[in-house]
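Residue-level structure breakdown
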Amino acid sequence: MKRELPLFLTAVIGLFMLLSFFVPHHLASVPANYLQQCAVIVVAFGYVLGGANALRVNLEGVAKRQLDWPYKLVLVVALVATVVVGLVDGRRWQDAGTTSMFLYNQLYSPMQATMFALLAFFIASAAFRAFRVRTVEAGLLAAAALIVMLGRVPVGDAITGWLPEPVRMSALQEWIMNVPQNAAKRAILMGAAMGVMATGLRVILGIERSYLGGTD
Amino acid sequence: MNMSQEFGVWVAALLTLFIFSFLYKDNPLYKFAEHLFVGVSAGYYIVLNFWTVVVPNLYDPLVRTFTGRDPMSGEAVAQAGGPFAASLGDYRGWLLLPGILGVLLFSRMIPRIEWLSRWSLAVIIGTYVGIKTTGFAQADLVAQVQGSLVPLWTGAWGSSLNAILFTVGLITSLLFFFYSREHKGTLGVLARTGIVFLMVSFGAGYGYTVMARLSLLIGRFQFLLEDWLGIR
Amino acid sequence: MSLTALERLDRRWIFLAVGLLVLGPLLRPLGLPLGTSAPVRQFHDTIAGIPDGSLVLVSCDFDPGGKPELVPMTKTALRQLWEKRCRLVITCLWVGGPGLVGETLESVADEFRAKGRPLEYGKDYVYLGFKAGYEAVMVLMGKGIAGAYPQDQRGNLVSTLPLMRNVRDYSSFVLLVSISAGYPGTKEWVQQVNLRFGLPMVSGCTAVSAPEYYPYLQSGQLSGLLGGMAGAAEYEKIRGEKGTATQGMDAQSLAHAFIALCIVAGNLVQWRKRRAAQS
């Protein structure tokens, strides 16, 4: 019953949410609205759980003096300090000038942006070391990539500006995006939609149970 | 050069350089910044969800319902019908249920009682299955099929050729994903044609991804040059 | 440089080359001419076509990871909307984004105040802030914005704000401007709101997401699309602005050319190596 009842609940709620899409009557729309409100609140608790779990795992690492434990201590101190500061700052914690906003603007924001910026270097390195054209299909991929990369920025037209307009890089790039790329992306979109619908049906029918976790 | 005098900008710039130092090799400065980032992120997510969802969507309505007073101003609040007289958007005492489900999620941290969290997951999964299935069906299937039903002859040779090519590309790409039959004979030819369009689309995607990644680097350099060093 | 040397090239030389090619044009702009593309013109024209003073929903679903691409287009869109005296309701569905979105919003509002047009919070614009829940928030707002957002970003009760007295649900808005870095974002707004609630939409997105949204543009579900920093720069050009996106395009150009060269060079090296092994 530890698995069957939650599965039954998923099926009932899933079917009800599907029904509420088609039935505008308040007997369907009010409970559906309530369920959406429940989902918003439970997801928020999920974020808190994620943070709490990060704290637990790293505290354990510090206590057991695991590899890199001084850095785990930095993580734990940063986490606890951010939470304490945020709670002390109160309901207006996001106002300009609060300590919480200092932590967000001068620590979180630049570090997150920089983590992503590292990818620019790796994509360049991978382009040289890993992008191999060994088949006709890979050649097509490479050709499309080169045209789009150069055509989307001013350098493409700077190189091909002497050609008639319909065959300049930017025009070719726009044609690729509007015709062949669009057709394939639409096919992928439609295929994925059918996949999502099938998966949804599997979840509602209880065939898909991996989200429950556990072994019992 | 007019370097910034603000302490916060220097902190941000130094942390930026600590992370960029990884490009030379992994080092203690990068590791420090990485762990600091994870700690601050996790703490920030906790605080954000507490003040933007748990308090306004759960705590405040429950306080109003069961004490009859607004938790911010302390003024009396009229609540006709009682604590469980819900209406659209005003669920009063019924919000105890998502509160309990939210707390039950934490049972995942204790192996002996982690099965309790399945109730919370059941509500989330059931709700999102309903929302996502209808959303995908309407916008990604029905509307896309509708958008594909365009006239093949538009009156001009150029756009007609594009329309035909688009339709051929769409059908052959869809056929490539049909795995119920082996890709031999006519189906094989059509599927291989579909691969051509798919490869072009992956190449275009790669080109756009390169643009995205480089933009992020440009953004960081703009910060270092303008906000920190005061150049430009 | 010999074949063997190229093959064994330490990747840190490539990193250095990328760094210098991006840094150079930022210090010494090349002034390469920028064109404009149809999806960007459609984005601009859709906003230009709404009546002045309309209520517009702007959902800024991004975090600092999308800042260089999305903040410039957000600023330009806000300027265009406020020049039309539109009243804005702004949301953010990305957990890392609310601070950045608030800062972006206030920086543009301050520009208008400095030019003598006092934009009043609560009357001209309301920033509702972040709400967890992804698509559930979008559908929840369909039955009442205040149901999803009882308070705004500053902790004010939404019912006390003058602008929000005219806002019930999506039917109160003439347009949705979605500035999106991924999930949740434009795709989810199209799926849950555009057709279901009949709200026209335009989108500005990261370059990674842009190819995926072209089918929505072609089918009419999106009325305009800005893709990445290039899209933001083109939008700035149409508006006659020279923001950070435009300033970054020279660096983008050189870096793209370098990456194209890397692809070609990498394959040439491998091809010559294979030929040498065969002979």
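Analysis parameters
Residues numbered from 1 in each chain as written. Chains lettered and ligands numbered in written order. Predicted model: local features only at pLDDT ≥ 70, side-chain atom pairs only at ≥ 80, totals over all residues. Helix = DSSP H or I, 4+ residues; strand = E, 2+ residues; numbered from the N terminus. Buried ≥ 20, exposed ≤ 12 C-beta atoms within 10 Å, placed from the backbone. Contact = placed C-beta atoms within 7 Å. Rg over C-alpha atoms; globule rule 2.2 N^0.38 Å. Core = buried A, V, L, I, M, F, W, Y, C linked by C-beta atoms within 7 Å. Domains from an automatic or database assignment. Axes fitted to C-alpha atoms, helices over the stretch in contact; angles between N-to-C directions. Parallel < 35°, antiparallel > 145°, perpendicular 65-115°, else oblique. Nonpolar A, V, L, I, M, F, W, Y, C, P; charged D, E, K, R; others polar. Pairing = 2+ DSSP bridges. Right-handed = clockwise from strand over helix to strand, strands pointing away. Expected span 1.5 Å × (residues − 1). Bend = angle between axes of the 7 residues up to and from the residue. Left-handed = near helix turned anticlockwise from the far one by under 90°.

**Details of the overall build of chain C**
Along chain C, the regular secondary structure elements total 11 helices and six strands. Overall size of chain C, expressed as C-alpha extent along the three principal axes, is 80 × 40 × 35 Å. Here chain C holds 279 residues, and 56% of them are scored as buried. Restricting to contacts in chain C with at least 6 residues of sequence separation, those with at least 24 account for 73%.

**Concerning the overall build of chain A**
Tallying secondary structure elements over chain A gives eight helices and zero strands in all. Listing every helix and strand of chain A by position from the N terminus yields α-α-α-α-α-α-α-α. By the compact-globule yardstick of 17 Å for 216 residues, chain A is too spread out, its C-alpha radius of gyration being 26 Å. Viewed in the frame of its principal axes, chain A has a C-alpha envelope of about 65 × 50 × 40 Å.

**Some remarks on the nonpolar core**
Membership of the largest hydrophobic core comes to 214 residues, with the highest contact counts inside it found for A:Ala39, A:Val40, A:Val42, A:Ala124, C:Ile90 and C:Ile259. Counting residues per element, this core draws most heavily on helix H6 (residues 185–228) of chain B, which supplies 19 residues. Two domains each provide a minimum of three residues to this core, namely domain 1 (3–24 + 254–278) and domain 2 (38–246) of chain C.

**Quick notes on the packing of helix H8 (residues 180–204) of chain A against helix H9 (residues 210–219) of chain C**
In the contact formed by H8(A) and H9(C), the axes pass within 8 Å of each other and the chain directions differ by 95°. Of the possible angle classes, the one that applies to H8(A) and H9(C) is roughly perpendicular. On H9(C), the residues touching A:Gln181, A:Asn182, A:Lys185, A:Arg186 and A:Leu189 of H8(A) are C:Pro211, C:Glu212, C:Tyr214, C:Pro215 and C:Gln218. In the contact of H8(A) with H9(C), the residues fall into four nonpolar, three polar and three charged.

**With respect to the pairing of strand E3 (residues 125–130) of chain C**
Two faces belong to every sheet, and in a regular strand the side chains alternate between them. All names here are of chain C. Along E3, six of the six residues are buried, which leaves the element largely enclosed by surrounding structure. With five bridges joining them, strand E2 (residues 87–92) and E3 adopt parallel strand pairing. Bridge pairing in E3 places leucine 88 opposite tyrosine 125. After leaving E2, the chain enters helix H5 (residues 98–114) and then returns to the sheet as E3, a path that is right-handed.

**Things to note about the interface of chain C and chain A**
Contacts between the two partners involve 51 residues from chain C, matched on the other side by 48 residues from chain A. Tallying contributions element by element places helix H11 (residues 244–278) of chain C first for the side of chain C that touches chain A, with 14 residues. A per-class count over the side of chain C that touches chain A returns 27 nonpolar, 17 polar and seven charged.

**Considerations on the interface of chain B and chain A**
Taken residue by residue, the interface counts 98 residues in chain B and 105 residues in chain A. Every element with two or more residues in the side of chain B that touches chain A is listed here: helix H1 (7–20), helix H2 (28–67), helix H3 (96–105), helix H4 (117–148), helix H5 (157–176) and H6 of chain B. Residues that form the side of chain B that touches chain A fall into these classes: 65 nonpolar, 25 polar and eight charged.

**Topic: the domain arrangement of chain C**
By domain assignment, chain C separates into domain 1 (3–24 + 254–278) and domain 2 (38–246). Using only C-alpha atoms to locate each centre, domain 1 of chain C and domain 2 of chain C end up separated by 41 Å.

**A look at H4(B)**
Residue and element names in this part refer to chain B. The terminal C-alpha atoms of H4, which comprises 32 residues, lie 44 Å apart, in line with the 46 Å expected from a rise of 1.5 Å per residue. By the largest-angle criterion, alanine 137 marks the main kink of H4, which is about 30°. Burial within H4 is extensive, with 23 of its 32 residues counted as buried.

**Overview of the pairing of strand E5 (residues 201–205) of chain C**
All names here are of chain C. Most of E5 is tucked away, with five of its five residues classed as buried. Side chains Met201, Ser203 and Cys205 of E5 all project onto a buried face; the interleaved residues Val202 and Gly204 project onto the opposite face, where all are buried too. When strand E4 (residues 175–180) meets E5, the two strands line up parallel, connected through five bridges. When the bridges of E5 are listed, isoleucine 179 appears paired with glycine 204. Following the chain from E4 across helix H8 (residues 186–194) to the adjacent parallel E5, one finds a crossover that is right-handed.

**Some points on the packing of helix H5 (residues 136–151) of chain A against H6(B)**
In the contact formed by H5(A) and H6(B), the axes pass within 7 Å of each other and the chain directions differ by 40°. With respect to H6(B), the axis of H5(A) lies oblique. For the element pair H5(A) and H6(B), the recorded crossing hand is right-handed. Every residue of H6(B) that contacts H5(A) at A:Glu137, A:Leu140, A:Leu141, A:Ala142, A:Ala143, A:Ala144, A:Ala145, A:Val148 and A:Met149 is listed here: B:Ile195, B:Val196, B:Met199, B:Val200, B:Phe202, B:Gly203, B:Ala204, B:Tyr206, B:Gly207, B:Tyr208 and B:Val210. Looking at the contact of H5(A) with H6(B) residue by residue, the class counts come to 17 nonpolar, two polar and one charged.

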